[in-house]
Amino acid sequence: MSNEVILCIWDQLSSADVIYSFLNLNTRMNSLLLEFHGLYKQLDLRYCSLSACRFLCRQVPTMFEWRLGLTVLKLGSPVRCSQVDLFVDEVAKSVVANHYERQGKSADKISKDICLILIAYKHIQPIFPQLVSLHIFLTASANEDTINTLLLAIAGGSAMRTFALSSCANQTHHSRAFFDWLFRCSVNLTQYKLQPSIAEYDVNINGIIGQINTIDQNLITKFNYPKKIRVFILRNLKIVGPNCCYLEQLVDKFNNTLEEFSLFLTHYCNGELDICFDGHRLAALCSRLSHLRSLHFAIQLQFIESPSRQILYDFIEAFRTPFWLDGPLGRIRVCVNYHQVFDHVQIFSLPYTFFDNTIYRTIDLIDALFNTSEKGQETSNDLSITLRSFWCGIRCLFISLVEKQKIPVSFLYALQCPPSQNKTLVISHARGILPDDIDDHLQLTHFATLQLMCTSDTMTNYDLQQLTGWLRLLPNTKCLFVSTNELNYWITNSRDNEYLDAFLQRLDRLHIECSSIINKHLNEEVMIPLLSFVINKRHFPRLECLRFHECKNISSAWCSIDKWIDFIFTHINEHQLKYLRFSFIENEQLVTDMQTGDETITLTDQSCIVDIHRLVLESRISFWIERK
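Remember, predicted model here, so these are calculated numbers, not experimental data.

## Brief notes about the environment of valine 482
Consideration 1: By the secondary structure assignment, valine 482 is in strand E16 (residues 479-483).
Consideration 2: In this structure valine 482 comes out as buried when scored by relative accessible area, which is 3%.
Consideration 3: Remark: the alpha-carbon pair of valine 482 and leucine 450, spanning 32 residues in sequence, is separated by 8.6 Å.
Consideration 4: Excluding its chain neighbours within four sequence positions, the residues that come into contact with valine 482 are Leu452, Leu487, Trp490, Leu510, His511, Ile512 and Glu513.

Here's what the structure looks like:
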């Protein structure tokens, strides 16, 4: 077989699967692996198979070639539930084995507890001394032992230059460990990135400034961050009444050093214009920051009554002063509009950089005001050009509609943005009335994920036609979030809807919100028919990821979960699932008594391997399914 044919075959596999399948077959194969897949130097487990992951997790921490040669390591994926834990466990075993070896001892049974003792007393050497770049994606909150092993045994070498970790939102309680590692172990680090994958709080102030019994007026004097701070990001600051002066005093503490400033502010001002934090106040604040070179902001001003059009013009006019158009920060484009459902004025700089904050819009998006024109807009009235920078930083758009609201064509054109991709569209329980045959004239191709909001009350007058109108506009959507209420309505009432069927057949990820299932009776009544619908190649021929969210009444749910799981694996030939997860929102003693850990199950009568990852403290169970 020629090298060209071999490389063509390898192109169909992940790098880790290539190494797993072809390592040590012969000298020629190893030479090709060294040349094209960085054998012993680079390892990317994020998209590999379960068998390759387990093999390499055991081999890499123990093999001399990997340990002394590895320079780049990438771990973790949303659908590879236990990668990081598997790798860290094997590293811990290797650390203990090396400790005994240095002491001239042998160990018949290696305990992870010994590794933790070595870490606690700092009697540990980095297992990969040449590691330069480490990228980790945590699918769930990791415990302290895992974090310490990760930081000290894997990332503790002096060669480290890049460390990037994306964690779940509640991982912030380990920030002390991360920053302790940052200052003690990373002497040559040039890039450090620690971000929750859902929500990020660089500076988190709990409570609302100006609200009784939450935060007192001594906040500024108690704020003990370094006086020489250069980057200041306030991700979710809330202020009530005439208390914006506290924000100004806070930022003034760093007026001689601050270079980058990002602010997401909600101001509960009740529409009192004389206290609103507007463009004039923000410009005055930023003018005092002598070293400022980057500014991003999003401001929400609460109103009791709808502001007049003139008030909105006044807000945008405040951003047409020399500071915003040709000041020390250059030209900053700003958007202003009023949200008719939530009753607040929205003001933000473009491009929008708060990607982890959902943008809320109604059909008033077409009436948004801008302080400057988009480049190229001078000769065009195309809304896709007008809103180009608006879409640039947005990850998720939440559209709020009212019952039987007629949706203008111009609003749908405003939702178009051809260069943008992989956005999330969230639609309220009211879906509005779309123009007839609008899908013949436009398509919303940049939305990859659709989330449908629904409550039990809205199912009484449910209109499937309104939904299918939206589905016909979303040809590239591959991921759906839906409630059990709405999904069960489809099962009962829409078996022959060609547009719904075509949409479901395109999905590869399905998230089902289960909060309406509140007792054992509903578990039995709802879940098996629902699973019979979902675990079916005719309905979901491409489905690979299935997640159940917000499962309630955990006692009854756990009584039934064996039935759900048994159903899914009994019908293994009727679906293509690779990842399955149940997430519970309660944590009762019945569950906490269960054992936490990983299992590998080989179904002898079926052609698949299943990796079960239990995280009881997180109230969830994950399954990583691999077919042979």
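Once you've had a look at it, read on.
## Some words on the packing of aromatic side chains
Consideration 1: For the coordinates displayed, the defined rule picks out 14 aromatic pairs.
Consideration 2: Plain terms: the ring middles of phenylalanine 303 and phenylalanine 315 are 6.3 Å apart, the flat faces sit at 80 degrees to each other, and that makes the pair edge-to-face. One end of the pair, phenylalanine 303, is in the loop between strand E8 (294-302) and helix H13 (309-317); the other, phenylalanine 315, is in helix H13, with twelve residues separating them in the sequence.
Consideration 3: According to the relative accessible area criterion, phenylalanine 303 is buried, its value standing at 7%.
Consideration 4: Given a relative accessible area of 6%, phenylalanine 315 falls into the buried group.
Consideration 5: Where phenylalanine 323 meets tryptophan 324, the ring centres are 4.9 Å apart and the plane angle is 85 degrees; that geometry is what we call edge-to-face.
Consideration 6: Given a relative accessible area of 13%, phenylalanine 323 falls into the buried group.
Consideration 7: Clustering of aromatic rings is evident, with ring pairs tying together Phe297, Phe319, Phe323 and Trp324.
Consideration 8: Note that arginine 309 overlies the ring of tyrosine 313, its terminal NZ or CZ placed 5.3 Å from the centroid.

## Quick word on the sheet that holds strand E7 (residues 260-268)
By definition, the strands of a sheet pair up through backbone hydrogen bonds, in either a parallel or an antiparallel sense.
Consideration 1: Pairing in this open sheet of six strands is mixed, and the strands run E6-E7-E8-E10-E9-E12 from one edge to the other. Bordering the open sheet on either side are strand E6 (231-240) and strand E12 (369-370), each of which pairs with just one other strand.
Consideration 2: Strand direction decides the pairing type here: strand E9 (residues 333-339) and strand E10 (residues 344-350), joined by seven bridges, are antiparallel. The partner of valine 334 across the bridge, within E10, is serine 349.
Consideration 3: Those strands touched by helix H11 (residues 244-252) are E6 and E7, and its axis lies near 165 degrees from that of E6.

The rules behind the values
Residues numbered from 1 in each chain as written. Predicted model: local features only at pLDDT ≥ 70, side-chain atom pairs only at ≥ 80, totals over all residues. Heavy atoms only, no water. Helix = DSSP H or I, 4+ residues; strand = E, 2+ residues; numbered from the N terminus. Buried < 20%, exposed > 50% of the residue type's maximum accessible area, 1.4 Å probe, protein only. Contact = heavy atoms within 4.5 Å. Phe/Tyr/Trp six-rings, centres within 6.5 Å; stacked < 30°, edge-to-face > 60°. Lys NZ or Arg CZ within 6 Å of the ring centre and 35° of its normal. Pairing = 2+ DSSP bridges. Axes fitted to C-alpha atoms, helices over the stretch in contact; angles between N-to-C directions.

Without other data, these values stay purely geometric and don't point to any function.
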